[in-house]
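What the coordinates show
Here is how the chains run, residue by residue.
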Amino acid sequence: MLSFRQLVCFILSLLSFLSVFYSVGKLGVFLATPVIRQRDHQNIPLTTLLNDGGLLKATLFSLCFDGVWVILFVVQHSAMKAEVVKRFWRKLELEMAERSVYNIATSYCLLILLKNWKSTQSNLWFVDVESSPTLWWTFVSAHIVSWIVIYGGSLLMDLPELVGLKQVYYDVNDLAPPMSYKSRELRCFYGRMRHPSFVGLSVVLWITNSMNLDRLLLAIIWTTYMYMTWNTNKTDLEYQKYQLSRKKVELTNVRE
């Protein structure tokens, strides 16, 4: 029989699971959908933008508006991982809900960003994919492959623990938190890089047929944020090489 605390944490973990997949799905569609040139939406070169004062002001307003939501996401994503927040959850004896609440907050910040996003008409480049199915599928395929890599990386990094389900399961079964069963090297690695595939996330941010200024703002801030917070070192690289060699030996033995 679940206690009230465990029941609340279980509901939060389910909400975390649904929120993560829904918000990431929305983000994937938002970033992957090629931009089609429309009559009412011109792709204006930067030179034209700089010579049109009214258009320049409107563009800067949209960029400032978008910047608020991007910064809100970044601040939330970092602040809720601070040690003072972790101590707060431990004090309430709800540390197993920490990951779930973190994911829910991140998901809703992301959904707010997507809902309120203001696109700009000026761009750095535009590739017309409307008349070329090959080009259209080239951009879409790059995103599909990148998201498969990201999802695969999430599985390798223990997806149930990432979304908060495993913490509740372990608590219900009177087990220690799942992170305590991982090696010291792996815990250190997770502390320096908690998300899968820097390359995959960079591709979905930068590979697009239309790099509008608002998309450029999002790509620059998120790429910089990832680069600054994912501070892996040589020890992490050696750990991954060692684990890869172990897997190769295990697979070889299985085939034999």
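As annotated in an unreviewed UniProt entry, the chain carries the name Nuclear envelope membrane protein and is attributed to Aedes aegypti. Per its UniProt entry, the chain bears the Sequence similarities (unreviewed entry) comment "Belongs to the nurim family." If you open the UniProt record of the chain and go to Subcellular location (unreviewed entry), you find "Nucleus inner membrane".

Details of the environment of Arg-187
Looking at the secondary structure, you find Arg-187 in helix 9 (residues 184–192). Along the primary structure Arg-187 and Thr-235 are separated by 48 residues, whereas in three dimensions their C-alpha atoms are 12 Å apart. Discounting residues that sit within four places of it in the chain, Arg-187 has contacts with Met-179, Ser-180 and Lys-182. Polar contacts involving the side chain of Arg-187 include one to the main-chain carbonyl oxygen of Lys-182, which spans 2.5 Å.

Things to note about the side chain of His-77
Structurally, His-77 is set in helix 3 (residues 53–79). Classification of His-77 by relative accessible area gives buried; the value is 9%. Each residue touching His-77, except ones within four places of it in the same chain, is listed here: Tyr-102, Thr-106, His-195 and Tyr-225.

Regarding the nonpolar core
With 29 residues, the main nonpolar core has Leu-27, Leu-113, Leu-205, Leu-218 and Trp-222 as its most contacted residues. The set of elements that each furnish at least two residues to this core consists of helix 1 (4–32), helix 3, helix 5 (98–116), helix 6 (133–156), helix 9, helix 10 (198–206) and helix 11 (213–229). Of the residues forming this core, the biggest block, 5 residues, is contributed by helix 11. Beyond its immediate sequence surroundings of up to four residues, Leu-205 is in contact with Leu-31, Met-211, Arg-215, Leu-218, Ala-219, Trp-222, Thr-223 and Met-226. By size, the runner-up hydrophobic cluster in this structure holds 5 residues, among which are Leu-63, Met-211, Leu-213 and Leu-216.

The rules behind the values
- Here the residue numbering is sequential within each chain, running from 1 through the sequence in written order.
- Whole-chain, interface and lining totals are the exception, using all residues; otherwise, since this is a predicted model, local features are given only for residues with pLDDT of at least 70 and side-chain atom pairs are given and counted only at 80 or more.
- With hydrogens and water excluded, all non-hydrogen atoms of the structure serve as input to the side-chain values.
- UniProt positions are given in the numbering used here, feature names are shortened, and annotations may be inferred rather than shown by experiment.
- Only DSSP runs of H or I reaching four residues or more are called helices, and only runs of E reaching two or more are called strands; each is numbered from the N terminus.
- Contacts: residue pairs with any heavy atoms within 4.5 Å of one another.
- Side-chain atoms alone can form a polar contact between residues adjacent in sequence; in general such a contact is a pair of N or O atoms within 3.5 Å, and within protein one must be able to donate a hydrogen while the other accepts it.
- Categorising residues by exposure relies on relative accessible area from a 1.4 Å probe, with only protein chains included: less than 20% of the type maximum marks a residue as buried, more than 50% marks it as exposed, and the intermediate range marks it as partly exposed.
- What we call a nonpolar core is a set of buried Ala, Val, Leu, Ile, Met, Phe, Trp, Tyr and Cys residues that are connected through their side-chain atoms within 4.5 Å.

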